[in-house]
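Spelled out, the chains give:
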Amino acid sequence: MATMADLGMGPGLTDKEFLDAMARRHRTDPGAAAVLGAIEATAGDGLALLGEHPWPVPQSPTWRPDIRAAVTARARVNMHRKMLTSARRTGLYPLAVFDDCVVYASNGPSSLALLPRTPEGEPLLGGFRLGVSPGMVTYAGARTTRWYEDMRAEHGPDFNVARDIAAGAGEGP
């Protein structure tokens, strides 16, 4: 959270300010952006190390598939709860889901129109909220329908847009 704050993505930002800060994070401080990338990779790789290998390695101190399964299960339950809350309040359902990425259709490249709100305009409790705190979400990218159609034609009907949307999605909301 401190590294994200160094990149201008601290608490207290409006959703638009947060998305703008995410869009410029690599230009703001390339060194801090590299640190953030290393932190994210370490967390992901650390969770992967807890999982099973092609063969059991019970003598390895990092072989803890039970902990990995518990962390993964909790994250999935929370994400599905947020998807259901969002669907009930907005009528929007995800097009694709993969690990910790949920893809929705939008009229534009910004996620602002997709975030569920109360009638007063506040973030909906139990829904997706932008931010850096645990449980909040960040912007992964936007793609055109044409990109999706081309990828599906290239990779077949089992192509999951949620797996590949962030790869090369470009900067900014």
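Everything here concerns the structure above.
Peer 1: Sorry if this is basic, but what is going on with the packing of aromatic side chains here?
Peer 2: Aromatic ring pairs are described here by two measures, namely the spacing of the ring centres and the angle between the planes. According to the stated counting rule, one finds three aromatic pairs in the structure shown. Seen from their ring centres, Tyr-104 and Phe-128 are 6.3 Å apart, and the 75° between their planes marks the pair as edge-to-face. One end of the pair, Tyr-104, is in the loop between β2 (101–103) and α5 (145–155); the other, Phe-128, is in the loop between β2 and α5, with 24 residues separating them in the sequence. The class for Tyr-104 is buried, based on a relative accessible area of 18%.

Peer 1: Just to check I follow, could you spell out the side chain of Asn-160 for this structure?
Peer 2: Within the fold, Asn-160 resides in the loop between α5 and α6 (161–164). Engagement of the side chain of Asn-160 in a polar contact is seen with the backbone nitrogen of Ala-162, the distance being 2.9 Å. With near-sequence residues (within four places) excluded, Asn-160 lies in contact with Ala-96, Val-97 and Phe-98.

Peer 1: Looking at this structure, I do not really get the nonpolar core. What am I missing?
Peer 2: Note on soluble globular proteins: their nonpolar side chains tend to be buried together. Counting 19 residues, the largest nonpolar core has Met-9, Phe-18, Met-83, Val-102, Tyr-104 and Phe-128 as its most contacted members. Listed by contribution, the elements that provide at least two residues to this core are α2 (15–28), α3 (30–49) and α4 (65–90). At four residues, α2 tops the list of elements feeding residues into this core. When near neighbours in sequence (up to four residues on either side) are disregarded, Val-102 contacts Met-79, Met-83, Pro-94, Ala-96, Val-97 and Phe-128. In terms of nonpolar packing, the next biggest core, distinct from the first, is built from nine residues, Cys-101, Met-151, Phe-159 and Ile-165 among them.

Conventions adopted
- Residues numbered from 1 in each chain as written.
- Predicted model: local features only at pLDDT ≥ 70, side-chain atom pairs only at ≥ 80, totals over all residues.
- Heavy atoms only, no water.
- Phe/Tyr/Trp six-rings, centres within 6.5 Å; stacked < 30°, edge-to-face > 60°.
- Helix = DSSP H or I, 4+ residues; strand = E, 2+ residues; numbered from the N terminus.
- Buried < 20%, exposed > 50% of the residue type's maximum accessible area, 1.4 Å probe, protein only.
- Polar contact = N/O pair within 3.5 Å; in protein donor to acceptor, adjacent residues only side chain to side chain.
- Contact = heavy atoms within 4.5 Å.
- Core = buried A, V, L, I, M, F, W, Y, C linked by side-chain atoms within 4.5 Å.

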